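Below, each chain spelled out in residue letters.
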Amino acid sequence: MKVDFQKFPDGLVPAIIQDHQTQKVLMLGYMNQDALNQTESTGKVTFYSRSKQRLWTKGEESGNFLELKSMSVDCDNDTLLIKVHPVGPTCHTGADTCWSERNHQEDFLFYLEDIIDLRKQASPDTSYVSKLMSRGINKIAQKVGEEAVELVIEAKDDNDNLFLNEAADLMFHYLLLLNAKGFSLQDVIDVLKDRHSK
C-alpha cells in the first residue's frame, strides 16, 4: 500500500474510519507515516493529532480503542479507508459515531420496535401485537415469562433451530413488554452503557 503523504504540506492524509461489520462511518482522523506504521504494528488505530501535535492512539485515555481489521488507500493514494472493530463508543461525547448515529448490528431490532408501535394501533382481530397489547401488561409479562422458560428448555437440548426460534420469540415479546411499559430498546442500551462506563 503506497500512500502519498507528500501531497499535502503538513504530510497528513485523511483517514476514514469505518466499522468492519456494520459499515457505518465512525469518524475522520489524520495520519502521517509514523501514525500509519504504529497502527500497523500495534493493531490499534493511531492518528496524528493536529491539536496535540503528536501521535495519538484512539482510546489511549478512554479505553475505547479502534482495533484494526483492514486498510486500503483510494485511487489517488491520498486518503485511507480503515475498517475497525470499535471497543466502545467512538466519539469523545460518548456517541457511537462522530455524527451521533447509532452503530448497531441489531438495527433491525429498532425497525421492529417501529413495526410493533404501528401494529398496536391496528384491530386486535387482525394484529397479534394489538391483540396481546389489549389484554394488558400482566398478560404481556406472562408471555415473556413463558417464552423465557421455553428458551431455557431448548437450551438444554441440541436442536439449534428450535433454540434460535425460541430466542427470537423471547426477543419479540421482550420488545412488546418494553413498548407496553413506555420504554424502548435504546433505554435499556443506555443503562448498559452507563454500567459499562463505571
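Notes on the structure in this doc start here.

Rules used in this analysis
- Counting starts from 1 at the beginning of each chain's written sequence and moves along it residue by residue.
- Local features are withheld for residues below a pLDDT of 70 in this predicted model, meaning they are given only at 70 or higher, and side-chain atom pairs are given and counted only at 80 or more; totals for whole chains, interfaces and linings count all residues.
- The side-chain values count all of the structure's non-hydrogen atoms but skip hydrogen atoms and water molecules.
- The term salt bridge refers to a side-chain nitrogen of Lys or Arg lying within 4 Å of a carboxyl oxygen of Asp or Glu.
- Strands here mean DSSP runs of E at least two residues long; helices mean DSSP runs of H or I at least four residues long; both are numbered from the N terminus.
- Classification of residues uses two cut-offs on accessible area relative to the type maximum, computed with a 1.4 Å probe and protein chains only: under 20% is buried, over 50% is exposed, and between them is partly exposed.
- Any helix carries an expected span of 1.5 Å times its number of residues minus one.
- In this context, the arc is that of the directions from the helix axis out to the C-beta atoms.
- Put simply, two rings from Phe, Tyr or Trp (the six-membered ring, in Trp's case) pair if the centres are within 6.5 Å, and we call them stacked under 30 degrees between planes, edge-to-face over 60, tilted for the rest.
- A ring is scored as having a charge over it whenever the NZ atom of a lysine or the CZ atom of an arginine sits within 6 Å of its centre and within 35 degrees of its normal.
- Note on pairing: two strands pair once DSSP finds at least 2 bridges between them.
- Axes here refer to lines fitted to C-alpha atoms; in helices the fit is confined to the stretch in contact. Angles between the N-to-C directions go from 0 to 180 degrees.
- A contact between two residues is defined here by any heavy atoms of the two lying within 4.5 Å.
- In this analysis the probe radius is 1.4 Å and the grid spacing 1 Å, with only protein atoms considered; a cavity is a set of points the probe fits into but cannot get out of, a pocket is an open set with protein on both sides within 12 Å along at least five of seven lines, and lining residues have an atom within 4 Å of a point.
- Grid points are joined across faces, edges and corners, and a volume is the space filled by probe spheres set on the points.
- Only Asp, Glu, Lys and Arg are considered charged, only Ala, Val, Leu, Ile, Met, Phe, Trp, Tyr, Cys and Pro nonpolar, and every remaining residue, Gly among them, polar.

Right, let's talk about the pattern of salt bridges for a bit. According to the stated counting rule, one finds six salt bridges in the structure shown. Among the ionic pairs, Glu 147 bridges to Lys 143, the shortest N-O distance being 3.4 Å. Of this pair, Glu 147 and Lys 143 both sit in helix H4 (residues 137-155), four residues apart, which is roughly one turn of the helix. A relative accessible area of 23% means that Lys 143 is categorised as partly exposed.

Quick look at H4 now. Between its terminal C-alpha atoms H4 stretches 27 Å, which fits the 27 Å expected from 19 residues at 1.5 Å a residue. Those residues of H4 that sit buried are Ile 140, Val 144, Glu 147, Leu 151 and Glu 154. Around the axis of H4, the buried residues are gathered within 90° of arc, so they sit on the same side.

The final tally for this structure, using the stated rule, is one aromatic pair. The side chain of Lys 44 reaches across the aromatic face of Phe 65, ending 5.1 Å from its centre. The ring of Phe 110 has Arg 102 lying over it, and the distance from NZ or CZ to the ring centre is 3.7 Å.

Taken in spatial order, the four strands line up as E2-E1-E6-E5 in an open sheet, and their pairing is mixed. Every other strand in the sheet has two partners, leaving strand E2 (25-31) and strand E5 (66-73) as the edge strands with one partner each. With direction set aside, neighbouring strand axes in the sheet form an average angle of 30°. Packed on one face of the sheet, helix H1 (residues 33-42) meets E2, E5 and strand E6 (80-86) and runs near 125° to E5.

A few words on the layout of surface pockets. Space inside the largest pocket adds up to approximately 530 Å³. If you list the elements that add at least two residues to the lining of the largest pocket, you get E6 and helix H6 (185-197). Among the elements that make up the lining of the largest pocket, the one with the highest residue count is H6 (five residues). Per-class residue counts for the lining of the largest pocket are four nonpolar, twelve polar and four charged. Roughly 310 Å³ of internal volume is contained in the second largest pocket. Around the second largest pocket sit 16 residues that line it, and Trp 56, Lys 58, Thr 90, Cys 91 and His 92 are the ones nearest its centre. A breakdown of the residues in the lining of the second largest pocket according to their chemical character gives six nonpolar, six polar and four charged.

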